[in-house]
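What follows is each chain in one-letter form.
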Amino acid sequence: MYDEEDMLMLSGIQHYMFCPRQWALIHMEQLWDDNRLTTEGSLLHERVDNPFYRERNGEVITIRRVGLASKRLGLYGFSDAIELHHAADGENAITIDRHPGKWMPYPVEYKHGRPKKNPCDEVQLAAQVMCLEEMYGIRLDSAALFYWATAQREEILIDENLRRLVVTIAETMHEMMKDHTLPPAEPTRQCRSCSLKDICMPDSAGKKVSSYLKQYLYEKDA
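Residues numbered from 1 in each chain as written. Predicted model: local features only at pLDDT ≥ 70, side-chain atom pairs only at ≥ 80, totals over all residues. Heavy atoms only, no water.

A. Quick peek at the overall build of the protein chain. Summing up its helical and strand segments, the protein chain has seven helices and eight strands in all. Considering the protein chain as a whole, with its 222 residues, one finds that 42% of them fall into the buried category. For the protein chain, the share of sequence-separated contacts (at least 6 apart) that also reach a separation of at least 24 residues comes to 62%. When the accessible surface of the protein chain is split by element, carbon and sulfur atoms take 51% of a total near 13000 Å². (Helix = DSSP H or I, 4+ residues; strand = E, 2+ residues; numbered from the N terminus. Buried < 20%, exposed > 50% of the residue type's maximum accessible area, 1.4 Å probe, protein only. Contact = heavy atoms within 4.5 Å. Areas by Shrake-Rupley, 256 points an atom, 1.4 Å probe, with all protein chains shown as cover.)

What follows is the structure in structure tokens.
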């Protein structure tokens, strides 16, 4: 169990899965820069993140920007949306003050682009599920990712492999934060879409200082 002062942002687990160095630059060094992709993503979440939003469609209620936390994982944050599905019985369900009866929560995370080969979105969603389970003492088997580029929802099974991955990454993030360890730059294809590329400078990874100076200083003065 982690203390409140040691809690890390839940959204950071997605950053870590995309690139550990990106996570460290954002969450340890407090560095940030925007590009087209991050700006479009921010605009999307302005439409989604309304904590006062309520929508009822038959037996389903949708609430936005729900606060989540897990002392076991040491993570806190928000879910884009949680659908409340009417539960016929009280087993593995929750109660909501404003809505009588029993409800089964179903987290939905909105993403700007398309499904990725890297499971970073799935890991973030699973972390949200595990926070919700700890808060209410329930067990959830699935949740969903909605991608705006495809306008499709993908149901994600929250299995044991995904849960173990969440625990492992959360523990690693806490260790890195405690030691204040900045991972070295390792250039990959993902660097091209990263908004922190100019801050991280992955192209200089492994280069000698003389080579770096020649490329970034001498050639610019020529």
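From this point, the discussion proceeds with the structure in view.
B. Inspection of the pairing of strand β6 (residues 99–111) at higher detail. Across six bridges, strand β4 (residues 75–86) lies against β6 in antiparallel orientation. When the bridges of β6 are listed, Ala-81 appears paired with Val-108. In terms of strand pairing, strand β5 (residues 94–96) meets β6 through two bridges, oriented antiparallel. Residue pairing for β6: Ile-94 is matched across the bridge by Trp-103. Judged from the four bridges that link them, β6 and strand β7 (residues 142–147) form a sheet pairing that is parallel. Of the residues in β7, the one forming a bridge with Glu-109 is Leu-145. The parallel pair β6 and β7, bridged by helix α4 (residues 120–136), forms a crossover whose chirality is right-handed. (Pairing = 2+ DSSP bridges. Right-handed = clockwise from strand over helix to strand, strands pointing away.)

C. Spatial organisation of the nonpolar core. Ile-13, Trp-23, Leu-75, Val-166 and Met-173 are the most contacted members of the largest nonpolar core, which has 41 residues in total. Looking at this core, the element that brings in the most residues is α4, giving nine residues. Each residue touching Ile-13, except ones within four places of it in the same chain, is listed here: Leu-75, Val-123, Gln-124, Ala-127, Val-166, Ile-169 and Met-173. Within the second largest apolar cluster, seven residues are counted, among which are Leu-25, Ile-26, Ala-185 and Cys-194. (Core = buried A, V, L, I, M, F, W, Y, C linked by side-chain atoms within 4.5 Å.)

D. Spotlight on the pattern of salt bridges. Evaluation of the coordinates by the stated rule reveals six salt bridges. Its salt-bridge partner being Asp-121, residue Lys-116 comes within 2.7 Å of it at the nearest N-O pair. Overall, the relative accessible area of 0% leaves Asp-121 in the buried class. When salt bridges that share partners are traced, they join Glu-109, Lys-111, Lys-116 and Asp-121 into one network. (Salt bridge = Lys/Arg side-chain N within 4 Å of Asp/Glu carboxyl O.)

E. Spotlight on unusual backbone geometry. Despite not being glycine, Arg-65 shows a phi value in the positive range, around 45°. Here Arg-65 is to be found in strand β3 (residues 60–70). Even without being a glycine, His-180 presents a positive backbone phi close to 55°. Relative to the helices and strands, His-180 resides in the loop between α5 (160–179) and α6 (197–200). The exposure class of His-180 is partly exposed, given its relative accessible area of 45%.

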